[in-house]
Amino acid sequence: MKKIFILNPPSPFFTDKNRYLRQMANSLPSVGICSLGGMMKSRSWTVSLLDAAALGLTLPETVAAIERFQPHILGISMYSNAVHIIRKLVTMIKARYQDMLIIIGGPHVSAVQERLFEAVNIKADFAVLGEGEITLAELATVLAGGNDVSQVPGILYQNRGRWQKTTARKNVVELDQLPDPAWELLPGFPHRYQPPIFSYTRGPAAPLITSRGCPYHCAFCDHSVFGYHYRVHSTARIVAMVRTLHQKHGVNHILFADDHLSLNEKRLTALCHAFIDEEIAVNWSADVRADSLSVEHLMLMKQAGCVRINCGIETGSPELLKKMKKGLNLAHVKNTLRWAHILGIQTKGLFMVGFPGENNTTIRETLALLKNLEVTEINVSKFAPYPGTPFYEKLRGPRTDSSYWRYLDGTNFCDPDLNRIRWLEKKYYQILHTFYARPRIINTYLVLLLKYADSRKRLFSFFRDFFKIKLGLKKGF
(Lines give C-alpha, C1' and ligand atoms only; values in the text may rest on other atoms or scores of the structure.)
Protein backbone atom coordinates (compact mmCIF):
# COMPACT_ATOMS: atom_id res chain seq x y z
CA MET A 1 0.00 0.00 0.00
CA LYS A 2 1.44 3.38 -1.07
CA LYS A 3 0.91 6.01 1.65
CA ILE A 4 1.58 9.73 1.56
CA PHE A 5 1.05 12.34 4.29
CA ILE A 6 0.63 15.93 3.02
CA LEU A 7 1.20 18.65 5.59
CA ASN A 8 0.74 22.35 6.05
CA PRO A 9 3.11 22.81 9.02
CA PRO A 10 2.37 24.35 12.41
CA SER A 11 2.26 28.11 12.56
CA PRO A 12 5.22 29.74 14.33
CA PHE A 13 2.70 32.19 15.81
CA PHE A 14 0.49 29.86 17.84
CA THR A 15 1.78 28.35 21.09
CA ASP A 16 0.17 26.52 23.99
CA LYS A 17 -0.29 29.90 25.69
CA ASN A 18 -2.10 31.76 22.92
CA ARG A 19 -4.04 29.19 20.92
CA TYR A 20 -7.29 30.73 22.16
CA LEU A 21 -6.59 33.55 19.67
CA ARG A 22 -7.65 31.15 16.92
CA GLN A 23 -11.24 31.89 17.95
CA MET A 24 -10.85 35.28 16.24
CA ALA A 25 -8.48 34.44 13.37
CA ASN A 26 -8.73 32.86 9.96
CA SER A 27 -8.30 29.10 10.35
CA LEU A 28 -9.56 27.96 6.97
CA PRO A 29 -7.55 25.07 5.50
CA SER A 30 -4.97 25.30 2.75
CA VAL A 31 -6.53 24.73 -0.67
CA GLY A 32 -3.05 23.74 -1.87
CA ILE A 33 -2.70 20.62 0.26
CA CYS A 34 -6.29 19.63 -0.56
CA SER A 35 -5.53 19.88 -4.27
CA LEU A 36 -2.36 17.81 -3.83
CA GLY A 37 -4.37 15.28 -1.85
CA GLY A 38 -6.98 15.06 -4.59
CA MET A 39 -4.32 14.36 -7.20
CA MET A 40 -2.59 11.66 -5.12
CA LYS A 41 -5.92 10.03 -4.28
CA SER A 42 -6.73 9.88 -8.00
CA ARG A 43 -3.42 8.03 -8.50
CA SER A 44 -4.47 5.33 -6.01
CA TRP A 45 -2.31 6.46 -3.11
CA THR A 46 -3.59 6.28 0.45
CA VAL A 47 -3.54 9.91 1.53
CA SER A 48 -3.64 11.73 4.86
CA LEU A 49 -3.96 15.52 4.97
CA LEU A 50 -3.18 17.74 7.95
CA ASP A 51 -3.30 21.52 8.12
CA ALA A 52 -1.51 21.92 11.43
CA ALA A 53 -1.51 25.71 11.16
CA ALA A 54 -5.28 25.88 10.67
CA LEU A 55 -5.89 23.55 13.62
CA GLY A 56 -3.41 25.35 15.86
CA LEU A 57 -1.36 22.20 16.46
CA THR A 58 2.05 22.23 18.09
CA LEU A 59 5.14 20.61 16.63
CA PRO A 60 4.93 17.51 18.90
CA GLU A 61 1.23 17.08 18.05
CA THR A 62 2.05 17.28 14.35
CA VAL A 63 4.87 14.74 14.60
CA ALA A 64 2.56 12.39 16.51
CA ALA A 65 -0.03 12.59 13.71
CA ILE A 66 2.61 11.68 11.12
CA GLU A 67 3.81 8.78 13.26
CA ARG A 68 0.28 7.38 13.58
CA PHE A 69 -0.12 7.28 9.81
CA GLN A 70 3.36 5.88 9.05
CA PRO A 71 3.61 7.19 5.47
CA HIS A 72 6.17 6.21 2.87
CA ILE A 73 6.33 9.85 1.73
CA LEU A 74 5.88 13.04 3.72
CA GLY A 75 5.07 16.14 1.67
CA ILE A 76 5.40 19.55 3.37
CA SER A 77 4.22 22.93 2.09
CA MET A 78 6.71 25.68 2.95
CA TYR A 79 6.20 29.38 3.58
CA SER A 80 9.05 31.74 4.44
CA ASN A 81 8.30 32.21 8.12
CA ALA A 82 7.89 28.45 8.66
CA VAL A 83 11.36 27.44 7.44
CA HIS A 84 12.78 26.95 10.93
CA ILE A 85 9.84 24.99 12.32
CA ILE A 86 9.97 22.75 9.23
CA ARG A 87 13.69 22.18 9.81
CA LYS A 88 12.92 21.02 13.35
CA LEU A 89 10.07 18.81 12.16
CA VAL A 90 12.15 17.16 9.43
CA THR A 91 15.03 16.56 11.86
CA MET A 92 12.66 14.87 14.32
CA ILE A 93 11.12 12.67 11.63
CA LYS A 94 14.44 11.64 10.07
CA ALA A 95 15.87 10.75 13.49
CA ARG A 96 13.08 8.20 13.95
CA TYR A 97 12.24 7.16 10.39
CA GLN A 98 15.30 7.35 8.16
CA ASP A 99 13.53 5.58 5.29
CA MET A 100 10.62 8.02 5.14
CA LEU A 101 11.07 10.20 2.05
CA ILE A 102 10.45 13.90 2.63
CA ILE A 103 9.43 16.24 -0.19
CA ILE A 104 9.18 20.01 0.31
CA GLY A 105 7.17 22.30 -1.93
CA GLY A 106 5.32 25.60 -1.84
CA PRO A 107 6.05 29.28 -2.45
CA HIS A 108 9.25 29.64 -0.43
CA VAL A 109 11.28 26.82 -1.96
CA SER A 110 9.86 27.73 -5.40
CA ALA A 111 11.28 31.24 -4.97
CA VAL A 112 14.69 30.47 -3.45
CA GLN A 113 15.25 26.96 -4.87
CA GLU A 114 18.77 25.58 -4.08
CA ARG A 115 19.44 28.60 -1.91
CA LEU A 116 17.13 27.11 0.73
CA PHE A 117 19.49 24.21 1.40
CA GLU A 118 22.55 26.46 1.36
CA ALA A 119 21.01 28.64 4.07
CA VAL A 120 19.36 26.04 6.32
CA ASN A 121 20.27 22.42 7.02
CA ILE A 122 16.95 20.79 6.16
CA LYS A 123 17.30 17.06 5.73
CA ALA A 124 14.68 16.78 3.00
CA ASP A 125 15.12 14.36 0.10
CA PHE A 126 13.43 16.32 -2.70
CA ALA A 127 11.80 19.66 -3.46
CA VAL A 128 8.92 20.38 -5.86
CA LEU A 129 9.09 23.72 -7.65
CA GLY A 130 6.04 25.64 -8.86
CA GLU A 131 2.59 24.06 -9.14
CA GLY A 132 2.82 20.75 -7.38
CA GLU A 133 -0.02 18.41 -8.33
CA ILE A 134 1.40 16.75 -11.45
CA THR A 135 5.02 16.98 -10.32
CA LEU A 136 4.32 15.37 -6.95
CA ALA A 137 2.30 12.58 -8.56
CA GLU A 138 5.04 11.83 -11.09
CA LEU A 139 7.82 12.00 -8.50
CA ALA A 140 5.95 9.72 -6.11
CA THR A 141 5.35 7.18 -8.89
CA VAL A 142 9.02 7.21 -9.90
CA LEU A 143 10.11 6.78 -6.28
CA ALA A 144 7.65 3.92 -5.73
CA GLY A 145 9.08 2.17 -8.78
CA GLY A 146 12.71 2.81 -7.87
CA ASN A 147 13.34 4.71 -11.11
CA ASP A 148 15.50 7.72 -12.06
CA VAL A 149 14.15 10.95 -10.53
CA SER A 150 16.38 13.14 -12.72
CA GLN A 151 13.83 12.71 -15.53
CA VAL A 152 10.99 14.27 -13.50
CA PRO A 153 10.55 17.94 -14.52
CA GLY A 154 10.18 20.62 -11.86
CA ILE A 155 12.13 19.20 -8.91
CA LEU A 156 15.32 19.55 -6.90
CA TYR A 157 17.14 16.34 -6.01
CA GLN A 158 20.50 15.42 -4.54
CA ASN A 159 23.25 14.01 -6.71
CA ARG A 160 26.49 13.12 -4.92
CA GLY A 161 25.71 15.50 -2.09
CA ARG A 162 24.81 18.47 -4.32
CA TRP A 163 21.33 19.78 -5.05
CA GLN A 164 20.47 19.74 -8.74
CA LYS A 165 17.48 21.11 -10.61
CA THR A 166 15.68 19.26 -13.39
CA THR A 167 14.09 20.96 -16.38
CA ALA A 168 11.28 23.37 -15.51
CA ARG A 169 7.71 22.14 -15.68
CA LYS A 170 5.08 24.21 -17.45
CA ASN A 171 2.08 25.20 -15.40
CA VAL A 172 -1.25 23.48 -15.92
CA VAL A 173 -3.22 25.33 -18.59
CA GLU A 174 -6.59 23.60 -18.33
CA LEU A 175 -7.40 23.63 -14.63
CA ASP A 176 -10.44 21.42 -15.17
CA GLN A 177 -8.08 18.50 -15.81
CA LEU A 178 -7.12 18.51 -12.12
CA PRO A 179 -9.16 16.41 -9.65
CA ASP A 180 -11.32 18.12 -7.04
CA PRO A 181 -9.52 19.13 -3.84
CA ALA A 182 -9.78 16.31 -1.29
CA TRP A 183 -11.59 18.31 1.39
CA GLU A 184 -12.96 15.09 2.88
CA LEU A 185 -9.44 14.05 3.97
CA LEU A 186 -9.08 17.03 6.31
CA PRO A 187 -9.69 16.07 9.96
CA GLY A 188 -13.01 17.48 11.11
CA PHE A 189 -13.83 19.28 7.86
CA PRO A 190 -15.60 21.66 7.65
CA HIS A 191 -16.55 22.38 11.27
CA ARG A 192 -13.03 22.70 12.71
CA TYR A 193 -12.08 25.44 10.23
CA GLN A 194 -13.30 29.04 10.30
CA PRO A 195 -12.83 32.25 8.33
CA PRO A 196 -12.01 35.50 10.17
CA ILE A 197 -14.66 36.51 12.68
CA PHE A 198 -17.43 38.78 11.29
CA SER A 199 -16.39 37.99 7.69
CA TYR A 200 -19.27 35.61 6.90
CA THR A 201 -22.99 35.34 7.56
CA ARG A 202 -23.15 31.70 8.69
CA GLY A 203 -20.89 28.66 8.64
CA PRO A 204 -19.51 26.23 8.00
CA ALA A 205 -17.19 27.88 5.47
CA ALA A 206 -14.60 26.65 3.00
CA PRO A 207 -12.06 28.24 0.63
CA LEU A 208 -12.01 27.60 -3.11
CA ILE A 209 -9.53 28.70 -5.78
CA THR A 210 -11.03 28.95 -9.28
CA SER A 211 -8.10 30.51 -11.15
CA ARG A 212 -4.32 30.66 -11.13
CA GLY A 213 -1.79 33.22 -12.27
CA CYS A 214 -1.88 37.01 -12.12
CA PRO A 215 -0.89 39.25 -15.05
CA TYR A 216 -0.10 42.21 -12.80
CA HIS A 217 3.46 43.01 -11.69
CA CYS A 218 3.00 44.46 -8.19
CA ALA A 219 6.42 44.97 -6.63
CA PHE A 220 5.45 43.23 -3.37
CA CYS A 221 4.21 39.98 -4.96
CA ASP A 222 6.10 36.82 -5.86
CA HIS A 223 4.89 34.74 -8.82
CA SER A 224 7.14 31.71 -8.34
CA VAL A 225 4.30 29.18 -8.04
CA PHE A 226 1.42 30.25 -10.30
CA GLY A 227 3.22 32.69 -12.61
CA TYR A 228 1.71 35.54 -14.63
CA HIS A 229 -0.41 33.53 -17.08
CA TYR A 230 -4.06 33.66 -16.02
CA ARG A 231 -5.82 30.27 -16.17
CA VAL A 232 -9.29 29.33 -14.96
CA HIS A 233 -11.73 26.59 -14.06
CA SER A 234 -14.84 26.54 -16.21
CA THR A 235 -18.07 27.94 -14.78
CA ALA A 236 -19.62 24.46 -14.84
CA ARG A 237 -16.73 23.01 -12.83
CA ILE A 238 -16.92 25.80 -10.25
CA VAL A 239 -20.64 25.24 -9.80
CA ALA A 240 -20.04 21.50 -9.41
CA MET A 241 -17.37 22.04 -6.73
CA VAL A 242 -19.58 24.49 -4.84
CA ARG A 243 -22.46 21.99 -4.97
CA THR A 244 -20.19 19.29 -3.56
CA LEU A 245 -19.09 21.53 -0.71
CA HIS A 246 -22.67 22.55 0.08
CA GLN A 247 -24.57 19.30 -0.42
CA LYS A 248 -21.97 16.76 0.65
CA HIS A 249 -20.12 18.68 3.37
CA GLY A 250 -22.75 21.17 4.57
CA VAL A 251 -20.73 24.28 3.67
CA ASN A 252 -22.82 27.46 3.66
CA HIS A 253 -20.16 30.07 2.85
CA ILE A 254 -17.50 29.96 0.12
CA LEU A 255 -14.43 32.16 0.32
CA PHE A 256 -13.08 32.49 -3.21
CA ALA A 257 -9.33 32.69 -2.61
CA ASP A 258 -8.32 33.65 -6.17
CA ASP A 259 -5.86 36.53 -6.46
CA HIS A 260 -8.90 38.42 -7.70
CA LEU A 261 -12.12 36.91 -8.90
CA SER A 262 -12.98 39.99 -10.96
CA LEU A 263 -10.04 39.89 -13.38
CA ASN A 264 -12.20 38.63 -16.26
CA GLU A 265 -15.51 40.50 -16.28
CA LYS A 266 -17.27 38.05 -18.63
CA ARG A 267 -16.23 35.12 -16.46
CA LEU A 268 -17.46 36.83 -13.29
CA THR A 269 -20.77 37.65 -14.96
CA ALA A 270 -21.21 34.07 -16.20
CA LEU A 271 -20.44 32.68 -12.75
CA CYS A 272 -22.97 34.96 -11.07
CA HIS A 273 -25.68 34.05 -13.61
CA ALA A 274 -24.94 30.35 -13.05
CA PHE A 275 -25.32 30.76 -9.29
CA ILE A 276 -28.63 32.57 -9.78
CA ASP A 277 -30.04 30.26 -12.47
CA GLU A 278 -29.10 27.07 -10.63
CA GLU A 279 -30.19 28.44 -7.24
CA ILE A 280 -26.88 27.85 -5.50
CA ALA A 281 -27.86 28.28 -1.86
CA VAL A 282 -24.57 29.55 -0.44
CA ASN A 283 -23.22 32.95 0.45
CA TRP A 284 -19.75 33.89 -0.73
CA SER A 285 -16.95 36.40 -0.49
CA ALA A 286 -14.03 37.11 -2.79
CA ASP A 287 -10.82 39.04 -3.28
CA VAL A 288 -11.31 41.56 -6.10
CA ARG A 289 -9.77 44.64 -7.66
CA ALA A 290 -12.19 47.34 -6.65
CA ASP A 291 -11.39 49.41 -9.75
CA SER A 292 -12.48 46.52 -12.01
CA LEU A 293 -16.09 46.44 -10.81
CA SER A 294 -19.09 48.46 -11.98
CA VAL A 295 -22.37 49.06 -10.18
CA GLU A 296 -23.96 46.47 -12.48
CA HIS A 297 -21.34 43.87 -11.45
CA LEU A 298 -21.99 44.55 -7.78
CA MET A 299 -25.75 44.25 -8.18
CA LEU A 300 -25.34 40.93 -9.98
CA MET A 301 -22.86 39.66 -7.38
CA LYS A 302 -25.26 40.59 -4.59
CA GLN A 303 -28.07 38.70 -6.31
CA ALA A 304 -25.76 35.68 -6.72
CA GLY A 305 -25.00 35.48 -2.99
CA CYS A 306 -21.97 37.74 -2.53
CA VAL A 307 -21.90 39.19 0.99
CA ARG A 308 -18.35 40.54 1.11
CA ILE A 309 -15.53 41.78 -1.12
CA ASN A 310 -11.91 42.13 -0.05
CA CYS A 311 -10.02 44.82 -1.94
CA GLY A 312 -6.26 45.33 -2.06
CA ILE A 313 -5.87 49.12 -1.78
CA GLU A 314 -2.43 49.19 -0.09
CA THR A 315 -2.08 52.97 0.40
CA GLY A 316 -3.77 56.30 -0.11
CA SER A 317 -0.70 57.70 -1.86
CA PRO A 318 -0.88 57.79 -5.68
CA GLU A 319 2.89 58.18 -5.79
CA LEU A 320 3.46 55.11 -3.65
CA LEU A 321 0.97 53.12 -5.74
CA LYS A 322 3.12 53.93 -8.79
CA LYS A 323 6.24 52.66 -7.02
CA MET A 324 4.34 49.49 -6.09
CA LYS A 325 3.35 49.08 -9.79
CA LYS A 326 -0.17 48.55 -8.53
CA GLY A 327 -1.88 50.62 -11.22
CA LEU A 328 -4.93 51.26 -9.02
CA ASN A 329 -7.51 53.96 -9.72
CA LEU A 330 -8.38 55.33 -6.27
CA ALA A 331 -11.36 57.35 -7.52
CA HIS A 332 -12.88 54.19 -8.99
CA VAL A 333 -12.10 52.32 -5.76
CA LYS A 334 -14.01 54.88 -3.70
CA ASN A 335 -17.02 54.66 -6.02
CA THR A 336 -17.03 50.85 -6.00
CA LEU A 337 -16.89 50.67 -2.22
CA ARG A 338 -19.61 53.30 -1.85
CA TRP A 339 -21.96 51.30 -4.09
CA ALA A 340 -21.10 48.05 -2.34
CA HIS A 341 -22.05 49.70 0.96
CA ILE A 342 -25.34 50.92 -0.51
CA LEU A 343 -26.12 47.42 -1.76
CA GLY A 344 -25.37 45.86 1.62
CA ILE A 345 -22.16 44.09 0.61
CA GLN A 346 -19.51 44.11 3.32
CA THR A 347 -16.17 45.56 2.25
CA LYS A 348 -12.68 44.94 3.55
CA GLY A 349 -9.76 47.18 2.60
CA LEU A 350 -6.32 45.60 2.55
CA PHE A 351 -3.56 48.07 3.32
CA MET A 352 0.20 47.91 3.64
CA VAL A 353 2.57 50.07 5.71
CA GLY A 354 6.31 50.37 5.23
CA PHE A 355 6.78 49.97 1.49
CA PRO A 356 10.02 51.72 0.41
CA GLY A 357 9.20 55.41 0.02
CA GLU A 358 6.66 55.42 2.88
CA ASN A 359 6.91 58.75 4.74
CA ASN A 360 4.81 61.19 6.72
CA THR A 361 3.15 62.48 3.56
CA THR A 362 2.10 59.03 2.34
CA ILE A 363 0.79 58.13 5.82
CA ARG A 364 -1.31 61.30 5.86
CA GLU A 365 -2.68 60.41 2.43
CA THR A 366 -3.65 56.95 3.67
CA LEU A 367 -5.34 58.38 6.76
CA ALA A 368 -7.25 60.88 4.61
CA LEU A 369 -8.38 58.11 2.26
CA LEU A 370 -9.59 55.94 5.15
CA LYS A 371 -11.83 58.72 6.41
CA ASN A 372 -13.61 58.79 3.05
CA LEU A 373 -13.84 55.06 2.29
CA GLU A 374 -17.00 53.02 2.84
CA VAL A 375 -15.27 49.95 4.24
CA THR A 376 -16.51 47.64 6.98
CA GLU A 377 -13.08 46.47 8.00
CA ILE A 378 -9.41 47.02 7.22
CA ASN A 379 -6.43 44.74 7.41
CA VAL A 380 -3.06 46.48 7.67
CA SER A 381 0.01 44.38 6.95
CA LYS A 382 3.63 45.32 7.51
CA PHE A 383 5.53 45.30 4.25
CA ALA A 384 7.48 42.06 3.89
CA PRO A 385 9.96 41.81 0.99
CA TYR A 386 9.53 38.12 0.20
CA PRO A 387 12.12 36.15 -1.77
CA GLY A 388 11.49 36.58 -5.46
CA THR A 389 10.38 40.22 -5.12
CA PRO A 390 12.47 43.26 -6.15
CA PHE A 391 13.20 44.56 -2.63
CA TYR A 392 14.29 41.30 -1.01
CA GLU A 393 18.06 41.71 -1.32
CA LYS A 394 18.07 45.43 -0.56
CA LEU A 395 16.12 45.17 2.69
CA ARG A 396 17.76 41.93 3.82
CA GLY A 397 21.03 43.86 4.02
CA PRO A 398 23.81 42.06 5.91
CA ARG A 399 21.41 39.61 7.57
CA THR A 400 21.61 35.96 6.60
CA ASP A 401 18.76 34.39 4.66
CA SER A 402 17.88 32.03 7.50
CA SER A 403 17.69 34.77 10.15
CA TYR A 404 15.67 37.01 7.84
CA TRP A 405 13.07 34.47 6.70
CA ARG A 406 11.51 34.01 10.13
CA TYR A 407 10.25 37.62 10.02
CA LEU A 408 8.56 37.41 6.62
CA ASP A 409 4.91 36.98 7.55
CA GLY A 410 3.37 40.45 7.27
CA THR A 411 3.43 41.03 11.04
CA ASN A 412 7.00 42.32 11.24
CA PHE A 413 8.73 45.30 9.71
CA CYS A 414 11.91 44.08 8.04
CA ASP A 415 13.73 47.34 7.33
CA PRO A 416 17.42 47.25 8.39
CA ASP A 417 17.04 50.72 9.99
CA LEU A 418 15.75 50.20 13.55
CA ASN A 419 14.77 53.86 13.93
CA ARG A 420 12.60 53.57 10.84
CA ILE A 421 11.00 50.42 12.25
CA ARG A 422 10.08 52.29 15.45
CA TRP A 423 8.54 55.09 13.37
CA LEU A 424 6.64 52.61 11.19
CA GLU A 425 5.26 50.83 14.26
CA LYS A 426 3.81 54.11 15.53
CA LYS A 427 2.23 54.87 12.17
CA TYR A 428 0.86 51.34 11.89
CA TYR A 429 -1.06 51.65 15.15
CA GLN A 430 -2.11 55.20 14.29
CA ILE A 431 -3.81 53.91 11.15
CA LEU A 432 -5.61 51.12 13.03
CA HIS A 433 -6.74 53.48 15.81
CA THR A 434 -7.89 56.15 13.36
CA PHE A 435 -10.11 53.66 11.58
CA TYR A 436 -11.49 51.48 14.38
CA ALA A 437 -12.01 54.17 17.03
CA ARG A 438 -14.65 55.95 14.97
CA PRO A 439 -18.23 55.69 16.30
CA ARG A 440 -19.54 54.56 12.90
CA ILE A 441 -17.19 51.56 12.82
CA ILE A 442 -17.91 50.64 16.43
CA ASN A 443 -21.64 50.77 15.68
CA THR A 444 -21.13 48.59 12.58
CA TYR A 445 -19.54 45.85 14.66
CA LEU A 446 -22.25 46.03 17.28
CA VAL A 447 -24.79 45.44 14.51
CA LEU A 448 -22.74 42.53 13.12
CA LEU A 449 -22.48 41.06 16.61
CA LEU A 450 -26.26 41.01 16.89
CA LYS A 451 -26.74 39.81 13.31
CA TYR A 452 -24.16 36.99 12.97
CA ALA A 453 -24.74 34.18 15.47
CA ASP A 454 -21.57 32.27 14.53
CA SER A 455 -19.35 35.28 15.15
CA ARG A 456 -21.18 36.05 18.40
CA LYS A 457 -20.49 32.53 19.70
CA ARG A 458 -16.84 32.77 18.68
CA LEU A 459 -16.39 36.09 20.46
CA PHE A 460 -17.97 34.67 23.61
CA SER A 461 -15.66 31.63 23.46
CA PHE A 462 -12.65 33.89 22.99
CA PHE A 463 -13.38 35.98 26.09
CA ARG A 464 -14.30 32.88 28.13
CA ASP A 465 -10.98 31.19 27.33
CA PHE A 466 -9.02 34.44 27.70
CA PHE A 467 -10.26 35.02 31.26
CA LYS A 468 -9.83 31.35 32.21
CA ILE A 469 -6.21 31.52 31.13
CA LYS A 470 -5.57 34.79 32.92
CA LEU A 471 -7.11 33.31 36.09
CA GLY A 472 -5.02 30.15 35.73
CA LEU A 473 -8.06 27.92 35.21
CA LYS A 474 -7.12 26.73 31.73
CA LYS A 475 -4.04 26.21 29.59
CA GLY A 476 -3.79 28.01 26.25
CA PHE A 477 -6.36 25.95 24.37
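Residues numbered from 1 in each chain as written. Predicted model: local features only at pLDDT ≥ 70, side-chain atom pairs only at ≥ 80, totals over all residues. Heavy atoms only, no water.

## Some thoughts on the pattern of salt bridges
Item 1. Scanning the model with the defined rule gives 21 salt bridges in all.
Item 2. Notably, a salt bridge pairs E314 with K326, separated by 3.1 Å at the nearest N-O pair. In this pair, E314 sits in strand β13 (residues 306–314) while K326 sits in the loop between α11 (318–324) and α12 (330–343), placing the two residues 12 residues apart along the sequence.
Item 3. Its relative accessible area of 8% is what places E314 among the buried residues.
Item 4. Taking the shortest distance from any N to any O, the salt bridge between R396 and E393 comes out at 2.9 Å. With R396 and E393 both in helix α14 (residues 392–396) and 3 residues apart, the pair spans about one turn of that helix.
Item 5. Here E393 falls in the partly exposed class, since its relative accessible area comes to 38%. (Salt bridge = Lys/Arg side-chain N within 4 Å of Asp/Glu carboxyl O. Helix = DSSP H or I, 4+ residues; strand = E, 2+ residues; numbered from the N terminus. Buried < 20%, exposed > 50% of the residue type's maximum accessible area, 1.4 Å probe, protein only.)

## Observations concerning the pairing of strand β12 (residues 283–288)
Item 1. Pairing geometry for strand β11 (residues 253–256) and β12, over 4 bridges, is parallel. Across the sheet, the residue bridging to F256 is A286, located in β12.
Item 2. In this region the chain leaves β11, passes through helix α9 (residues 265–277) and returns to the parallel neighbour β12; the handedness of that crossover is right-handed.
Item 3. Relative to β13, β12 runs parallel, the two sharing 5 bridges. The residue of β13 that forms the bridge with W284 is C306. (Pairing = 2+ DSSP bridges. Right-handed = clockwise from strand over helix to strand, strands pointing away.)

## As for the packing of aromatic side chains
Item 1. Taken as a whole and judged by the stated rule, the model has 19 aromatic pairs.
Item 2. When the ring of F198 is compared with that of Y445, the centres are 5.4 Å apart and the planes differ by 75°; the resulting orientation is edge-to-face. One end of the pair, F198, is in the loop between β7 (162–165) and β8 (205–208); the other, Y445, is in helix α17 (residues 439–451), and 247 residues separate them in sequence.
Item 3. Note on F198: relative accessible area 9%, which makes it buried.
Item 4. Y445 gets classed as buried once you look at its relative accessible area, which sits at 17%.
Item 5. Measuring from centroid to centroid gives 5.5 Å for F256 and W284, while their planes differ by 75°, and the two rings are edge-to-face. Of this pair, F256 sits in strand β11 while W284 sits in strand β12, placing them 28 residues apart in sequence. (Phe/Tyr/Trp six-rings, centres within 6.5 Å; stacked < 30°, edge-to-face > 60°.)

## With respect to the sheet that holds strand β14 (residues 346–353)
Item 1. Read from one edge of the open sheet, 6 strands run β8-β11-β12-β13-β14-β15, paired in parallel fashion. Each having just a single partner strand, β8 and β15 (377–382) make up the two edges of the open sheet. In this sheet, neighbouring strand axes are inclined to one another by 20° on average, regardless of whether the strands run parallel or antiparallel. (Axes fitted to C-alpha atoms, helices over the stretch in contact; angles between N-to-C directions.)

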